[in-house]
Amino acid sequence: MLKVGVIGGGSISQFHITPYLLHNRVELVALCDQNEQRLTECGNQYGVTHMYTNYKDLLANKDVDAVSICTWNNTHAEIAIAALEAGKHVLVEKPLCMTVEEALAVEAAAVKSGKVLLVGFVRRHGNNSNILKQFIDQDYLGEIYYAKASCLRRLGNPGGWFSDKSKSGGGALMDLGVHMIDLCWYLMGRPRPVSVSGNTYSKLGNRSNVKNLSFYKAADYDSSLNNVEDLANGLIRFENGASLAVDVSFTLQAKEDQVSVKLFGDKGGAEIEPELIIVTEQNDTILNILPQVDNKSFDFAGSFTNEINHFVECCLDGKSPVAPVEDGVEVMKMLNAIYESAQTGKEVYL
Ligand SMILES: NC(=O)c1ccc[n+]([C@@H]2O[C@H](COP(=O)([O-])OP(=O)(O)OC[C@H]3O[C@@H](n4cnc5c(N)ncnc54)[C@H](O)[C@@H]3O)[C@@H](O)[C@H]2O)c1
């Protein structure tokens, strides 16, 4: 049995809590949120017995074996390190933290503790990602030399801490770019990034004036402060010569929201968003292969369930994390390099 505590009881926490409650080898024993009212509401809703407003008190509870960290990005490193030092296994939401220095400190703490650290790169746990990964591992795409990913929201700055750079570390790139870059990089075989060029723009603000369109919001939604970018793009070059182009927005004068993730290899190509499709050539004919699957696109709740189930297996059965801390460090390097390149107007060499 794995006894779990969840730290941060806001919008994303339900996607951790629900699969924990449904898991027959898990007991959800503790919950922490610095917002006492939210803590009480959430704790009562899920029947959690130990409730804390300070994460340190939760970590001092010897009954807790493992934690999910679902707090603001600026707290991830501090809480993850404290949890590892307290002997807990850790699932930390993406991004791993805000800077490369922090990421390296979390990595050092994870190595020293010998505990599990799984980074919440939830898109690695999508069924379609797993299906495509199997095709890639069996060399159906050959050498993947180019990937291109977009997550363009026309309206979707979640507000609150997300739009306060001191708490989030950045805007669309930190929140959405992290998923796009990680998924492509993972499926490309995690080649070493060597140089990065990027641009960020803060042209439209958060457009809180816009009516009649709903979007994901922080639990403490507040549109009064916004100092993060609304658009970011980047081109990442890898040691093996492959490259990855990415663009992401919180808001953009676009016709509609758009998510697209494409990989191009010398034997085949694939799209995982907007829906899974594999492209190849046989008998001098180009084939578009449509896998017959339950969800053609990314299944949000199902992927979180897969992630939580995997975390439990890592903790109880010694399985190796699909998204280990060192991958969180590499992704943090790429994200920070895009910001640095945007600021200096120059390519950044890693
Ligand atoms: N994997 C995904 O697709 C995905 C989606 C959304 C958010 N997230 C990540 O999840 C995390 C939380 O996002 P959210 O949307 O739930 O935000 P949220 O604002 O809705 O909730 C965060 C909660 O954490 C609490 N909190 C913050 N700092 C704390 C601290 N030091 N101690 C105790 N409680 C604290 C806040 O009071 C709040 O209730 C972020 O890191 C975000 O990037 C991941």
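Going by the structure above, here's the rest.
Okay, so let's go over this structure. (Residues numbered from 1 in each chain as written. Predicted model: local features only at pLDDT ≥ 70, side-chain atom pairs only at ≥ 80, totals over all residues. Heavy atoms only, no water.)

One open sheet holds the 9 strands; their spatial order is 14-13-12-11-7-10-9-8-15, and the pairing between them is mixed. Unpaired on one side and paired on the other, strand 14 (285-289) and strand 15 (348-349) mark the two borders of the sheet. Bridging between strand 7 (residues 144-152) and strand 10 (residues 243-249) involves 7 bridges; their strand directions are parallel. Residue Tyr146 lies in a different strand from strand 10, and its bridge partner there is Ser243. The sheet strands contacting helix 8 (residues 172-187) are strand 7, strand 8 (193-201), strand 9 (231-238), strand 10, strand 11 (258-265) and strand 12 (268-273), and the helix crosses strand 10 at an angle near 155°. The strands that helix 10 (residues 325-344) touches are strand 8, strand 9, strand 10 and strand 15; relative to strand 8, the one it contacts most, it runs at about 50°. (Pairing = 2+ DSSP bridges. Helix = DSSP H or I, 4+ residues; strand = E, 2+ residues; numbered from the N terminus. Contact = heavy atoms within 4.5 Å. Axes fitted to C-alpha atoms, helices over the stretch in contact; angles between N-to-C directions.)

The full set close to the ligand counts 27 residues, and Asp33, Arg38, Asn73, Trp161 and Tyr216 are the nearest of them. Measuring from an oxygen atom of the ligand, one finds a side-chain N or O atom of His76 at 2.9 Å. Interatomic distance of 3.1 Å between a side-chain N/O atom of Glu93 and a nitrogen atom of the ligand. When isolated, the ligand has an accessible area of 840 Å², and the protein chains bury 95% of it. Counting residues per element, the ones that place at least two in the shell around the ligand are helix 4 (73-85) and helix 9 (300-317). If one sorts the elements of the shell around the ligand by residue count, helix 4 sits on top with 3 residues. Residues of the shell around the ligand, tallied by class, amount to 13 nonpolar, 10 polar and 4 charged. (Near = heavy atom within 4 Å. Polar contact = N/O pair within 3.5 Å; in protein donor to acceptor, adjacent residues only side chain to side chain. Areas by Shrake-Rupley, 256 points an atom, 1.4 Å probe, with all protein chains shown as cover. Nonpolar A, V, L, I, M, F, W, Y, C, P; charged D, E, K, R; others polar.)

Between its first and last C-alpha atoms helix 4 spans 19 Å; for 13 residues at 1.5 Å apiece the expected length is 18 Å, and the two agree. If you check which residues of helix 4 are buried, you get Asn73, Thr75, His76, Ala77, Ile79, Ala80, Ile81, Ala83 and Leu84. After helix 4 finishes, the residue Gly87 shows a positive phi value of roughly 85°. (Expected span 1.5 Å × (residues − 1). Buried < 20%, exposed > 50% of the residue type's maximum accessible area, 1.4 Å probe, protein only.)

Turning to the environment of Ala232, a few remarks are in order. In this structure, Ala232 sits in strand 9. Classification of Ala232 by relative accessible area gives buried; the value is 1%. Taking the C-alpha atoms as reference points, Ala232 and Val111, separated by 121 residues in sequence, lie 33 Å from one another. Apart from the residues within four sequence positions on either side, Ala232 is in contact with Leu173, Asn199, Thr200, Val246, Asp247 and Val248.

In this section: helix 2 (residues 36-46). Residues of helix 2 that are buried: Arg38, Leu39, Cys42, Gly43 and Tyr46. Burial along helix 2 is one-sided: seen end-on, the buried residues are contained in an arc of 120°. In helix 2, the exposed positions that point more than 90 degrees away from the buried face belong to Glu36, Gln37, Asn44 and Gln45. The inward-facing, buried residues of helix 2 contact helix 1 (14-22), strand 2 (26-32) and strand 3 (50-52). N-cap assignment for helix 2: the residue whose side-chain oxygen lies 3.2 Å from the backbone N of Gln37 is Asn35. (Arc of directions from axis to C-beta.)

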